[in-house]
Amino acid sequence: DMSCSVLDEEQFRQCCQLLLQRSDQLGDGWSWEHVKITESDILSSTVSALSQQDPVASTGSDFLRAEEEDDGSCTGTNSSSLVVQYEYHILFSCSYGAPVLYFRAFTLEGKSLALEEMWSTIHPNYRLRLQNCPLNAISQQEHPLLGQPFFFLHPCRTEEFMGLMLQAAQDQGRPVNYVLSWLSVVGPVVGLDVPLQYLSSCS
């Protein structure tokens, strides 16, 4: 039952498995990985994208991962553009009953982006909105499973916006994949676009 705006861990796993099936069909590289240290799983992805530093950028125990390469066909010739590799992990938060997006970014030379640099890759429209909502902003903390520094989008507003999305889907009699719908909202904020092929055929 996806009518509730709070998710449990089993529903999270089911949604991720459906997403992975579609990812395999599209060949965009999301993967389900086992972390031996914690005996947990994660869904993860790595994406390379052309990013303009200013002003534009193109579970408890489970996480989702993807590998894809940007073809570089980006308009604009800003001299401050650089290729940034993003690594995304989707984990389930027992506290919030919601997925959480953890991510980090590197230059092709392997240099990690600092928090200030990360902010500069975010589209100005999203940047302003996030900076005006500190609790919904990007923060940096230790990855719960890997113990390494990652950025993350705070999940405190997830129940609120997902409640609206799920209600709309229910009113229209449409099936909905909670994780996919959530990712289509939060992903673009940090450079992770969800292809329309997912939304048209993955429920």
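Just so it is clear, the model here is predicted, and its values are computed rather than measured. (Residues numbered from 1 in each chain as written. Predicted model: local features only at pLDDT ≥ 70, side-chain atom pairs only at ≥ 80, totals over all residues. Heavy atoms only, no water.)

Engineer: Looking at this structure, how should I read the overall build of the protein?
Structural biologist: Looking only at helices and strands, one finds 6 helices and 8 strands in the protein. When the helices and strands of the protein are listed from N to C terminus, the series reads α-β-β-β-β-β-β-α-α-β-β-α-α-α. Relative to its 203 residues, the protein shows a buried fraction of 46%. Accessible surface, the protein as shown: approximately 10,100 Å² in total, 51% of it carbon and sulfur. (Helix = DSSP H or I, 4+ residues; strand = E, 2+ residues; numbered from the N terminus. Buried < 20%, exposed > 50% of the residue type's maximum accessible area, 1.4 Å probe, protein only. Areas by Shrake-Rupley, 256 points an atom, 1.4 Å probe, with all protein chains shown as cover.)

Engineer: What am I meant to see in the packing of helix H1 (residues 9–26) against helix H5 (residues 178–186) here?
Structural biologist: The geometry of a pair of packed helices is captured by two quantities: the angle between their axes and the separation between those axes. Viewed as axis vectors pointing N to C, H1 and H5 meet at an angle of 70 degrees, and their least axial separation amounts to 7 Å. Relative to H5, the element H1 is oriented roughly perpendicular. Contacts between H1 and H5 involve Phe12, Cys15, Cys16 and Leu19 on the former and, on the latter, Tyr178, Val179, Leu180 and Leu183. A per-class count over the contact of H1 with H5 returns 8 nonpolar, no polar and no charged. (Axes fitted to C-alpha atoms, helices over the stretch in contact; angles between N-to-C directions. Parallel < 35°, antiparallel > 145°, perpendicular 65-115°, else oblique. Contact = heavy atoms within 4.5 Å. Nonpolar A, V, L, I, M, F, W, Y, C, P; charged D, E, K, R; others polar.)

Engineer: Help me out: how do you make sense of the pattern of salt bridges in this one?
Structural biologist: Here the idea is simple: oppositely charged side chains can pair when their charged atoms come close. Counted under the stated rule, the structure contains 3 salt bridges. Arg104 is the salt-bridge partner of Glu87, the closest N and O atoms lying 2.9 Å from each other. With Glu87 in strand E5 (residues 81–93) and Arg104 in strand E6 (residues 98–107), the pair connects residues that are 17 residues apart, well separated along the chain. The exposure class assigned to Arg104 is buried, which follows from its relative accessible area of 19%. (Salt bridge = Lys/Arg side-chain N within 4 Å of Asp/Glu carboxyl O.)

Engineer: Sorry if this is basic, but what is going on with the state of the cysteines here?
Structural biologist: Disulfides are covalent bonds that link the sulfur atoms of two cysteine residues. Under the definition given, this model contains 0 disulfides. There is no disulfide at Cys15, and the cysteine sulfur nearest it, in Cys16, is 6.9 Å away. (Disulfide = S-S within 2.5 Å.)

Engineer: Looking at this structure, I do not really get the packing of aromatic side chains. What am I missing?
Structural biologist: Inspection of every chain in the model, using the stated rule, returns 5 aromatic pairs. Pairing Tyr86 with Tyr88 gives two aromatic rings, centres 5.8 Å apart and planes at 15 degrees, and the pair type is stacked. A residue is classified by how much of its surface remains accessible, and Tyr86, at 3% relative accessible area, is buried. Aromatic side chains Phe103 and Phe151 sit 5.6 Å apart centroid to centroid with 40 degrees between the ring planes, which places their arrangement in the tilted category. Residue Phe103 is found in strand E6, and its partner Phe151 is found in strand E8 (residues 149–153); the two are separated by 48 residues along the sequence. Exposure class is identical for Phe103 and Phe151. Each is buried. (Phe/Tyr/Trp six-rings, centres within 6.5 Å; stacked < 30°, edge-to-face > 60°.)

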